[in-house]
Amino acid sequence: MSSGDDQRSQASAKPAFGEAQACAVVESVFGFKVSKIQPLPSYDDQNFHVCVSRAKHTTEGPVEYVLKISNTESSRTPDLIEVQSHIIMFLQAAGFPTASVCRTKGDNITHLVSVDGGSEIKSYLVRLLTYLPGRPIAEIPISPQLLYEIGRLAAKLDKTVEKFHHPKLKCLHREDFIWNLRNVPLLERYLYALGQDRNREVVEQVIQLFKDEVVTKLCHFRECINHGDLNDHNILVESSKSAFGDAVYHVSGVLDFDDMSYGYYVFEVAITIMYMMIESKDPIQVGGHVLAGFESIIPLTPIERGALFPLVCSRFCQSLVMAAYSCKLHPENEAYLMITAKTGWKHLQLMFDMGQKAVEEIWFDTAQSYQSGISMCLDKSSHELG
């Protein structure tokens, strides 16, 4: 398939429901009376924030939901979406701040909606989840204490999902899924979206680093199921007042399990470090705090630690390359797609300029400081990094 054909195929995959269509889906499939509906930012699916009217004489139950409409490609893998939905429910039952999955009037967790597109009938899987309160951490100054908490959250999530069982779990082995860190070499087919410039040179160097330093070590990493997208818009926080009167943030929600797949512990912490760097004014310092939190639950092996630098660089490249590619398909969505690019290229270049040894020294020294006294480290680092 040529790049042009690929673009046309991908462009047609994203849903384009209007508010009236989305409202009709909620009412006909899930049985709620919609009082208000508005679109939410999304990557290649479509999401709506839905407010519903409570039934008469009812004062309990949620009134805010998120309607998720999967793209046509994802809608062809209903087993995958079913497993991801069951994991969300499993994690909520285990105490994680995830959404509740609403059942359809037919008592299913997904429903296939067919839309006449003129030249063809397109089918989209739809789900309804409860709306989680809180602010994305991208919007707040992030402290070392919160970074540590997010590292712990990432590790706890991976450990908890190990207890999850489902007859269709094998569908999380997503061999060619572009967002799985194992598949960094697949980025080569999308490099044309960058043109010929310094950014492309850096990405090519990272892909080669991945082939040299990561591919040969994959068999030594410990496998698990990864959330795979703990970014600064998929983690919500709420604030409370400390004893000193200032705001203290804690995680109140974890969103978007659509990138979930089999990976490795070290993939999860690398992805989390990369996204926590995005909004930070001191991005290199971030990694040590996230790593310390993660290792308080799952200590990494020396081989896994040695792969962190190329893996964080590789995740930057996945995000930056695929954003550039997606912008060619959906220029109208550029503001959302290019969020990472605002600082991502600069942070990636900074890591490359400093070099692996220097960056690792900062990360590992910071993580080690928690071993010798967590409370002292957090108190000393109460200033904000973002």
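About the cut-offs
Residues numbered from 1 in each chain as written. Predicted model: local features only at pLDDT ≥ 70, side-chain atom pairs only at ≥ 80, totals over all residues. Heavy atoms only, no water. Helix = DSSP H or I, 4+ residues; strand = E, 2+ residues; numbered from the N terminus. Expected span 1.5 Å × (residues − 1). Buried < 20%, exposed > 50% of the residue type's maximum accessible area, 1.4 Å probe, protein only. Axes fitted to C-alpha atoms, helices over the stretch in contact; angles between N-to-C directions. Parallel < 35°, antiparallel > 145°, perpendicular 65-115°, else oblique. Left-handed = near helix turned anticlockwise from the far one by under 90°. Contact = heavy atoms within 4.5 Å. Nonpolar A, V, L, I, M, F, W, Y, C, P; charged D, E, K, R; others polar. Pairing = 2+ DSSP bridges. Salt bridge = Lys/Arg side-chain N within 4 Å of Asp/Glu carboxyl O. Polar contact = N/O pair within 3.5 Å; in protein donor to acceptor, adjacent residues only side chain to side chain. Disulfide = S-S within 2.5 Å. Phe/Tyr/Trp six-rings, centres within 6.5 Å; stacked < 30°, edge-to-face > 60°. Lys NZ or Arg CZ within 6 Å of the ring centre and 35° of its normal.

Overview of helix α4 (residues 144-161)
Residue pairs three or four apart in sequence face the same way in an α-helix, which turns once every 3.6 residues.
Now for step 1: In this model α4 runs 26 Å from its N-terminal to its C-terminal C-alpha over 18 residues, within 8% of the 26 Å that 1.5 Å per residue would give.
Now for step 2: The element α4 is extensively covered by neighbouring structure, given that 13 of its 18 residues are classed as buried.

Quick notes on the packing of helix α5 (residues 198-213) against helix α9 (residues 308-329)
Now for step 1: Direction vectors running N to C along α5 and α9 enclose 135 degrees, while the axes themselves pass 9 Å from each other. Looking at the two axes, α5 sits oblique to α9. As α5 runs across α9, the sense of the crossing is left-handed. Within the contact between the two elements, α5 uses Val203, Val206, Leu209, Phe210 and Glu213 and α9 uses Phe309, Pro310, Leu311, Cys313, Ser314, Cys317 and Val321.
Now for step 2: Classifying every residue of the contact of α5 with α9 gives 10 nonpolar, 1 polar and 1 charged.

Some remarks on the sheet that holds strand β9 (residues 235-241)
Now for step 1: Pairing in this open sheet of 3 strands is antiparallel, and the strands run β7-β9-β10 from one edge to the other. For this open sheet the edge positions go to β7 (135-136) and β10 (247-254), each flanked by a neighbour on one side alone.
Now for step 2: For β9 and β10, the ladder comprises 7 bridges, and the chain directions are antiparallel. The residue bridging Lys241 from the neighbouring strand is Ala247, located in β10.
Now for step 3: Each of β9 and β10 is contacted by α4, which is oriented at about 25 degrees to β10, the strand it contacts most.

Focus on unusual backbone geometry
Now for step 1: Although it is not a glycine, Asp107 sits at a positive phi angle of roughly 65 degrees.
Now for step 2: The phi torsion at Asp256 lies on the positive side, around 55 degrees, for a residue other than glycine.
Now for step 3: Turning to its location among the elements, Asp256 is positioned in the loop between β10 and β11 (261-264).

Structural notes on the pattern of salt bridges
Now for step 1: Here the structure, examined in full by the defined rule, presents 16 salt bridges.
Now for step 2: Lys168 is paired through a salt bridge with Asp79; the nearest N and O atoms lie 3.3 Å apart. Residue Lys168 is located in the loop between α4 and α5, and its partner Asp79 is located in helix α3 (residues 78-93); the two are separated by 89 residues in the primary sequence.
Now for step 3: Judged by its relative accessible area of 36%, Asp79 is partly exposed.
Now for step 4: Among the ionic pairs, Glu201 bridges to Arg198, the shortest N-O distance being 3.4 Å. Taken as a pair, Glu201 and Arg198 lie in helix α5 at a separation of 3 residues, close to a single helical turn.
Now for step 5: Three or more residues are tied together by salt bridges with common partners; here these are Lys68, Arg127 and Asp258.

Examining the environment of Gln145
Now for step 1: With respect to the secondary-structure elements, Gln145 resides in helix α4.
Now for step 2: Sequence separation between Gln145 and Val290 is 145 residues; the distance between their C-alpha atoms is 9.2 Å.

What to know about the side chain of His166
Now for step 1: With respect to the element layout, His166 can be found in the loop between α4 and α5.
Now for step 2: A polar contact is formed between the side chain of His166 and the backbone nitrogen of Lys168, at a distance of 3.0 Å.
Now for step 3: Ignoring sequence-local partners within four residues, the contact set of His166 consists of Glu82, Val83 and His86.

Some remarks on the environment of Asp79
Now for step 1: The spatial distance from the C-alpha of Asp79 to the C-alpha of Met89 is 15 Å, given a sequence separation of 10 residues.
Now for step 2: Contact partners of Asp79, with chain neighbours within four places excluded, come to Lys168 and Cys171.

Regarding the state of the cysteines
Now for step 1: This model, assessed by the stated rule, comprises 0 disulfides.
Now for step 2: Not part of a disulfide, Cys102 finds its nearest cysteine sulfur in Cys51, a span of 13 Å.
Now for step 3: Exposure remark for Cys102: the relative accessible area of 11% places this residue in the buried category.
Now for step 4: In this model Cys171 remains outside any disulfide bridge; the closest cysteine sulfur is found in Cys224, 16 Å from its own.

Notes on the packing of aromatic side chains
Now for step 1: Summed over all chains, the structure comprises 9 aromatic pairs.
Now for step 2: Ring centres 4.7 Å apart and planes at 65 degrees place the aromatic pair Tyr190 and Tyr325 in the edge-to-face group. With Tyr190 in the loop between α4 and α5 and Tyr325 in helix α9, this residue pair connects regions lying 135 residues apart in the sequence. Considered together, Tyr190 and Tyr325 belong to a single accessibility category, that of buried residues.
Now for step 3: With a centroid separation of 5.6 Å and an interplanar angle of 75 degrees, the aromatic rings of Phe221 and Tyr264 are classed as edge-to-face. Separated by 43 residues along the polypeptide, Phe221 in the loop between α5 and β8 (223-226) and Tyr264 in strand β11 bring together distant segments of the chain.
Now for step 4: Of the residues examined, Tyr264 reaches a relative accessible area of 6% and is grouped as buried.
Now for step 5: Each member of the aromatic cluster is reached from another via a ring pair, and the members are Tyr190, Tyr192 and Tyr325.
Now for step 6: Lying over the aromatic face of Phe177, Arg174 brings its terminal NZ or CZ to 3.7 Å of the ring centre.

Digging into the pairing of strand β3 (residues 64-69)
Now for step 1: For β3, the tally of buried residues reaches 5 of 6 residues, placing the bulk of the element in the interior.
Now for step 2: The sheet contact formed by strand β2 (residues 46-53) and β3 spans 6 bridges and is antiparallel. Directly across from Gln46, in β3, lies its bridge partner Ile69.
Now for step 3: In the sheet, β3 pairs with strand β6 (residues 121-130) via 5 bridges, with the strands oriented antiparallel. Residue pairing in the sheet places Ile69 in a bridge with Val126 of β6.

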